[in-house]
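Structural description and commentary
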Amino acid sequence: MSLKEIFCQDKAVSILQRAFTQGRMSHAYIFSGPEGVGRCKTAREWAKLLICEHPILQKDYADSCGSCNCCRVFEAGSHPDYVEVYKELVEFTKEPKGRKRPVAFPVDVVREFLIEKVQHRPILAKRRVFVLKEAEKLNIASQNALLKVLEEPPSYCSIILLCTRFEKLLATVKSRCQVVRFGRIDEERTVEKLIGQGIEGDVALYFARFCQGRLGQACQLCALELADAEIYNTKKKVVSFISTGELSQVLDMANWLLAEAKKISSIWSKRQEDVSVSDINRKVVKLFVNVVISALRDAVCLQLGDNSTITNFDQKADVEQLAKRFDPEAAAQKITNCYNTLHWIDSAVNEKLIFEQLLLNPFVCDTIDV
Ligand SMILES: [Zn+2]
């Protein structure tokens, strides 16, 4: 892989390439944008270009050569001058204190895996590149610890912060970095890519709309689908239940959904062993909260007379039923409730309770209205 193969992020990539050809690379970047639009891949390929021994250079175009010693060692995943820093490294800090699955980014990881390592000179290449993942989870102490190294990094050092929520970073951190923004990827290109993976047309279009331009997420869901996770069938049952189910069945349905979520988590964990099991569980729970949000949003669209871009186009009859159950204002309140539920997930609230609340939410208004 190389920079030219990054999918649909031409603007971000050309900013980096131009900086490289002009020798004006920043020592610190923030790659900002939604999850799954190519920030991680671009960071890797940018790092590869920075450490490549014979980069390909044309006017405003640069890429790694792919064949020098540094490129080959990098591709083998063992380049000593490329360092990924992520919160789960807490397990390998001097005082791990039994922590394995932190929710926030621990300051010890920033100190031991970034600030201390930045002081070591490169071993193979001319530069050392650090990619810090999930920078939006850095707390204030961790961000303050980073400031000095962002302000006066050694000349051989490049730091890239990957961030999905730009507003979570302190102004002092932002001002010391060059920001490269990554946009969402258009629906048509996403569908093409998913069909290319072996997903059938309607399912591909559903996942493309559900993921709203986050191609990486759409590809991941489709890969899970091809591994028999049955996410699509489960979403159909969930949307159908909240549209036409009975209040008395909510607890049974929540138990069923919990079992499906566990099955999906287990398939996902086997495919992505570098991510903690609890993070994957959270992703799956969030996935179904978002399934409910998408159905409620569709209901609002139908109420407002717009059915051209609904996500659950494949369950239009169900969404029409859902739209009849409350007015747009009540639907908006229910969407807000779902977003509140998303916050609980990060606070490690019991999954069964979350599913019960999630599935109960569309019914509550009915019982009050009766
Ligand atoms: Zn090279």
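Residues numbered from 1 in each chain as written. Predicted model: local features only at pLDDT ≥ 70, side-chain atom pairs only at ≥ 80, totals over all residues. Heavy atoms only, no water.

The next point concerns the overall build of the protein chain. Of the regular secondary structure elements, the protein chain holds 15 helices and seven strands. Relative to a compact globule of 370 residues, whose C-alpha radius of gyration would be 21 Å, the protein chain shows 23 Å and is just as compact. The principal-axis extent of the C-alpha atoms belonging to the protein chain is close to 70 × 45 × 35 Å. The burial tally for the protein chain puts 51% of its 370 residues in the buried class. When the accessible surface of the protein chain is split by element, carbon and sulfur atoms take 50% of a total near 17,400 Å². A distance of 6 Å separates the average location of the 51 positive side-chain charges in the protein chain from that of its 48 negative side-chain charges. (Helix = DSSP H or I, 4+ residues; strand = E, 2+ residues; numbered from the N terminus. Rg over C-alpha atoms; globule rule 2.2 N^0.38 Å. Buried < 20%, exposed > 50% of the residue type's maximum accessible area, 1.4 Å probe, protein only. Areas by Shrake-Rupley, 256 points an atom, 1.4 Å probe, with all protein chains shown as cover. Lys, Arg positive; Asp, Glu negative; His and termini not counted. Charge placed at Lys NZ, Arg CZ, Asp CG, Glu CD.)

Here the structure, examined in full by the defined rule, presents 10 aromatic pairs. Consider the rings of F31 and F182, whose centres lie 5.2 Å apart with planes at 45 degrees: the pair is tilted. Residue F31 is located in strand β1 (residues 28-32), and its partner F182 is located in the loop between β7 (178-181) and α7 (187-196); the two are separated by 151 residues in the primary sequence. A residue is classified by how much of its surface remains accessible, and F31, at 0% relative accessible area, is buried. With relative accessibility at 4%, the residue F182 sits in the buried group. One aromatic cluster is present, formed by F20, Y29, F31, W46 and F182 through successive ring pairs. (Phe/Tyr/Trp six-rings, centres within 6.5 Å; stacked < 30°, edge-to-face > 60°.)

In the first shell of the zinc ion, the protein supplies C52 (SG), C65 (SG), C68 (SG) and C71 (SG), at 2.3 to 2.4 Å from the metal. By relative accessible area, which is 22% here, C65 ends up partly exposed. (Donors = N, O, S within 2.8 Å, 3.2 Å for Na, K, Ca; no water.)

Bridge count for strand β4 (residues 82-85) against strand β5 (residues 128-132) is four bridges, and the pairing is parallel. The residue of β5 that forms the bridge with E84 is V131. In this fold, β4 hands off to helix α4 (residues 107-118), which returns the chain to β5; that crossover is right-handed. (Pairing = 2+ DSSP bridges. Right-handed = clockwise from strand over helix to strand, strands pointing away.)

This part takes up the pattern of salt bridges. Going through the model one piece at a time under the given rule, you end up with 21 salt bridges. The partner of E75 in a salt bridge is K48, and the shortest N-O contact between them spans 2.7 Å. On the criterion of sequence distance, the pair formed by E75 in helix α3 (residues 69-75) and K48 in helix α2 (residues 39-51) is long-range, its members being 27 residues apart. Residue E75 is classed as partly exposed on the basis of its relative accessible area of 39%. (Salt bridge = Lys/Arg side-chain N within 4 Å of Asp/Glu carboxyl O.)

Here we take up the pairing of β5. Every other side chain in a regular strand lies on the same face of the sheet, so the side chains alternate between the two faces. Burial analysis of β5 places five of its five residues in the buried class, the great majority of the element. Residue alternation in β5 divides its side chains into two sets, R128, F130 and L132 and V129 and V131, and both sets are buried. Here five bridges tie β5 to strand β6 (residues 157-163), and the two strands are oriented parallel to one another. Paired with F130 across the bridge in β6 is I159. Once you follow β5 into helix α5 (residues 140-151) and on to β6, the crossover reads as right-handed.

Turning our attention to the sheet that holds β5. Ordered by their spatial adjacency, five strands build an open sheet running β4-β5-β6-β1-β7, and the pairing between neighbours is parallel. Strands with a single pairing partner mark the edges of an open sheet, and in this sheet they are β4 and β7. Adjacent strand axes in the sheet meet at a mean angle of 20 degrees when their direction is disregarded. Against the sheet, helix α1 (residues 10-21) contacts β1 and β7, and its axis sits at roughly 145 degrees relative to β7. (Axes fitted to C-alpha atoms, helices over the stretch in contact; angles between N-to-C directions. Contact = heavy atoms within 4.5 Å.)

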